[in-house]
Amino acid sequence: EVSESVRPYLGRRYSKTELPRCARLHFQAHQGPVNTVQWCPVPQFSHLLLSASMDKTVKVWDGAGSGRCVQMCCSHTGAVKDACWTPCGTRILSGSFDS
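Residues numbered from 1 in each chain as written. Predicted model: local features only at pLDDT ≥ 70, side-chain atom pairs only at ≥ 80, totals over all residues. Heavy atoms only, no water.

Draft legend 1. Quick look at the overall build of the chain. Looking only at helices and strands, one finds zero helices and six strands in the chain. In the chain, the order of α-helices and β-strands from amino to carboxyl end is β-β-β-β-β-β. Within the chain, residue pairs in contact and separated by at least 24 positions form 40% of the contacts whose partners lie at least 6 positions apart. Approximately 7100 Å² of the chain is accessible, and the part contributed by carbon and sulfur atoms is 54%. (Helix = DSSP H or I, 4+ residues; strand = E, 2+ residues; numbered from the N terminus. Contact = heavy atoms within 4.5 Å. Areas by Shrake-Rupley, 256 points an atom, 1.4 Å probe, with all protein chains shown as cover.)

Right, dumping it as structure tokens:
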């Protein structure tokens with residue numbers, strides 16, 4: 001089952017790819033550059049977007065709905081270099097420049 005907010009975009013065929021003329025959502029909550037962004041690989045959570053930043057945080061966003069941060073991890077003491085979803089889509093693995 002795919003997220004209801006993502007379902008309208010599935011199955012569309014585009015003859016060409018273009019840059020959007022305006023942003024649908026604007027995420028502005030990290031206090032530093034963002035190193036990685038990744039959609040959740042599990043269909044029922046496909047609306048969730050993961051981001052990892054130099055501000056030492058990993059955040060999960062409602063990327064296809066409200067655009068709000070729904071989860072934040074602040075356990076790193078150094079900038080977060082990378083993060084990814086586990087295949088089950090319920091956990092996140094992150095790596096940072098912690099000492």
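Draft legend 2. Layout of the environment of Gln71. Structurally, Gln71 is set in strand S4 (residues 69–73). Residues Gln71 and Trp61, 10 residues apart in the sequence, show an inter-C-alpha distance of 7.1 Å.

Draft legend 3. Seen up close, the sheet that holds strand S1 (residues 34–39). Overall, antiparallel pairing links the four strands, which are arranged S1-S2-S3-S4 in an open sheet. The open sheet has two free edges, formed respectively by S1 and S4, since each of these has just one partner strand. Mean inter-strand twist for the sheet, computed between neighbouring axes without regard to direction, equals 15 degrees. Alignment of S1 against strand S2 (residues 48–53), held across five bridges, turns out to be antiparallel. Bridge pairing in S2 links Thr36 to Ala52. (Pairing = 2+ DSSP bridges. Axes fitted to C-alpha atoms, helices over the stretch in contact; angles between N-to-C directions.)

Draft legend 4. Quick peek at the side chain of His30. Checked against the element boundaries, His30 lands in the segment before S1. Side-chain polar atoms of His30 contact the side chain of Ser51, separated by 2.7 Å. There is a polar contact of 3.2 Å between the side chain of His30 and the side chain of Thr57. The contact partners of His30, leaving out residues within four places of it in the chain, are Ser51, Ser53, Asp55, Thr57, Lys59 and Trp61. (Polar contact = N/O pair within 3.5 Å; in protein donor to acceptor, adjacent residues only side chain to side chain.)

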